[in-house]
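Here is how the chains run, residue by residue.
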Number of protein chains: 2
Amino acid sequence: MRKMAVTISLAALAVTTPLQAQETQKTEFPSPNAIVDTAPASEWVTIAPSDLLVMDLAPDAAGEPRRVIIQLMPAPFSQGWIGNIRKLAAAKFWDGTSINRVQDNYVVQWGDAGYDNPESGETEQKALPEDLETVPESEYAIGESSKNDYCGYHVCPLNNSVRINQVLTTSEYGTGSFSAGWPLALQGNQAWPVHCYGAVGVGRNYSPDTGSGAELYTVIGHAPRHLDRNIAVVGRIIEGIEHLSSLPRGKGQLGFYADASKRVPITSIRLGGALDEGTAPAFEYLDTNSEVFAKYADARANRRDPFFIKPAGGADICNIPVPVRRVSGE
Amino acid sequence: MRKMAVTISLAALAVTTPLQAQETQKTEFPSPNAIVDTAPASEWVTIAPSDLLVMDLAPDAAGEPRRVIIQLMPAPFSQGWIGNIRKLAAAKFWDGTSINRVQDNYVVQWGDAGYDNPESGETEQKALPEDLETVPESEYAIGESSKNDYCGYHVCPLNNSVRINQVLTTSEYGTGSFSAGWPLALQGNQAWPVHCYGAVGVGRNYSPDTGSGAELYTVIGHAPRHLDRNIAVVGRIIEGIEHLSSLPRGKGQLGFYADASKRVPITSIRLGGALDEGTAPAFEYLDTNSEVFAKYADARANRRDPFFIKPAGGADICNIPVPVRRVSGE
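Basis of the calculations
- Residues numbered from 1 in each chain as written.
- Chains lettered and ligands numbered in written order.
- Predicted model: local features only at pLDDT ≥ 70, side-chain atom pairs only at ≥ 80, totals over all residues.
- Heavy atoms only, no water.
- Buried < 20%, exposed > 50% of the residue type's maximum accessible area, 1.4 Å probe, protein only.
- Helix = DSSP H or I, 4+ residues; strand = E, 2+ residues; numbered from the N terminus.
- Phe/Tyr/Trp six-rings, centres within 6.5 Å; stacked < 30°, edge-to-face > 60°.
- Pairing = 2+ DSSP bridges.

**Considerations on helix H7 (residues 291-301) of chain B**
Among the 11 residues of H7(B), eight are classified as buried, and the element is accordingly described as predominantly covered. Listed in full, the buried residues belonging to H7(B) are Val292(B), Phe293(B), Ala294(B), Tyr296(B), Ala297(B), Ala299(B), Arg300(B) and Ala301(B).

**Comments concerning the packing of aromatic side chains**
The geometry of an aromatic ring pair is captured by two quantities: the separation of the ring centres and the angle between the planes. All names here are of chain B. According to the stated counting rule, one finds 12 aromatic pairs over all chains in the structure shown. For the pair Trp81 and Tyr140, a centre-to-centre distance of 5.4 Å together with 10° between the ring planes defines the contact as stacked. Placement of Trp81 in helix H3 (residues 79-90) and of Tyr140 in the loop between strand E7 (122-124) and strand E8 (142-143) is noted, with a sequence separation of 59 residues between them. A relative accessible area of 0% places Trp81 in the buried class. Among the residues examined, Tyr140 registers a relative accessible area of 4% and is labelled buried. For the pair Phe307 and Phe308, a centre-to-centre distance of 5.6 Å together with 80° between the ring planes defines the contact as edge-to-face.

**Notes on the pairing of strand E2 (residues 52-57) of chain B**
All names here are of chain B. Counting buried positions over the six residues of E2 gives six, a clear majority of the element. Going residue by residue along E2, you find Leu52, Val54 and Asp56 tucked away on one face and Leu53, Met55 and Leu57 tucked away on the opposite face as well. Sheet analysis places E2 next to strand E3 (residues 66-72), joined by six bridges and oriented antiparallel. Considered in E3, the bridge of Met55 is made with Val68. Pairing analysis gives five bridges linking E2 to strand E16 (residues 266-271), with the strands arranged antiparallel. When the bridges of E16 are listed, Met55 appears paired with Ile269.

Functional significance is not addressed by these values, which are geometric in nature.
Written out as structure tokens, the structure reads:
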């Protein structure tokens, strides 16, 4: 006999966090997101506007705007490519370029698709700024000879909450770690950024090419960790990824759009600081060295909130996304 | 100075498999997909039509059909729910139901959204078949007292190619393993199916409810392994997932569509054997005990094909998707 579903909304059939009907358990074992909400202002770190890349796509079919916001990584990670990206943004390079590839369970890629010149029969591409750096492959990861140097770069795995170290899994992908709000993998003396969902990376040609930064992509499926250390990660999407992940998949090879008319145009990409005053978005991330983050990470690895029965006992680093939110207005 | 991009097509900027320009390296270190293509017919296992669930959504805005095909798991996994699903399909239960939830980097969920009866003020739901089984939580995983019993169920991790065992990572999520074409996690005496991208599971209410099978979901983001053992996995999408993963994200809580008019209607869900003769799709999967699968898994874990520089040395089980393809016509 089917139970009456009157008092249970559709959301009760959801596979995640509990509803108000479970108040008692919620207090004892709050969900990870509820834990994040308890963090005091002091545990949130403002993201500098200059670390934000603001991408505006052409409006959708209903005329609605589509803005995607990217947070760039801090030093010492991927700085050569990030420096190039800043120059490309300042030069308004991406204005009029497009989304060129959407491959299911893999990436969305964008940049200059080139112009097929019917006279020359060749594909011409937009001129890049002349002062872009050629970045060596050694920059895919940061290596130092001693853990003390790591700490100089604020990558101190042993200084992380012991609880975080206990929940992060170690594998051939490296040991998971968080530093200054970013997920990293560590192995030996090296540290490198990881290809979690929403990570932004630099498209390149075959080695030794490492890409200029003019072609970018983001992950829209299961974390392709085999790309770590093989290609530069420069940041992550912190708002608006749905504008990319919900795009029709390209029907050409590797998800490229065989039909050029299917490429969504990019109106502009600007650094946050270059937007008109008052319009630059303000964001903050949860300090990964904070007490609340440690509790949050533990809760992600051990779900005890009402919906769950059996906590996993650990989590891979991409299953503990670092909380990022808009700074609420006064 | 920008290199001339004339002879390098856009695809060369792709982040995956190499192009024809790299023939020599390709032969020495073929890509995982190229390895799969070398498998002889004897290493492909036909999927019984009765193991296929064929979901037809309403056509898209351009009038194009949208078919999603699901392969159901074999015994002994999740058979209670799968039995219910077969009854629901035979009863055409899902005809006229809808896609109700699309949450970015998480799930797409579908089933009966209910009808808000204005007279009673209550949400009424479709009647379920009367003979559905109530499945206990113990069925989320399969546990046996000895490894011999595992082998009786064709779950013999030690009989897997040693190479596969060497590449699959072990973590709190369990030890990865493949059995009869399915990814599993093993821990102690238990084995359970895993929430990889495209896995299909059974929506439920709070424990002890385990769901009837009437509400189903699939994973469209990073594998939420914390759901393993907490909810039933009954199969995987083997074709057409893009029709779900590219849907607009719901704007309500947890990605539910607050606006009922946004729910994509489901025209029908049928078992493969119930479709008109000659229209049932035919699929096959690569035998996970085969020699080629072992090579493929090793290549997924150690990318040496031309694009790559540094093989990871291992892979998580969701990063080694089991190859499934349509059986080619005569």
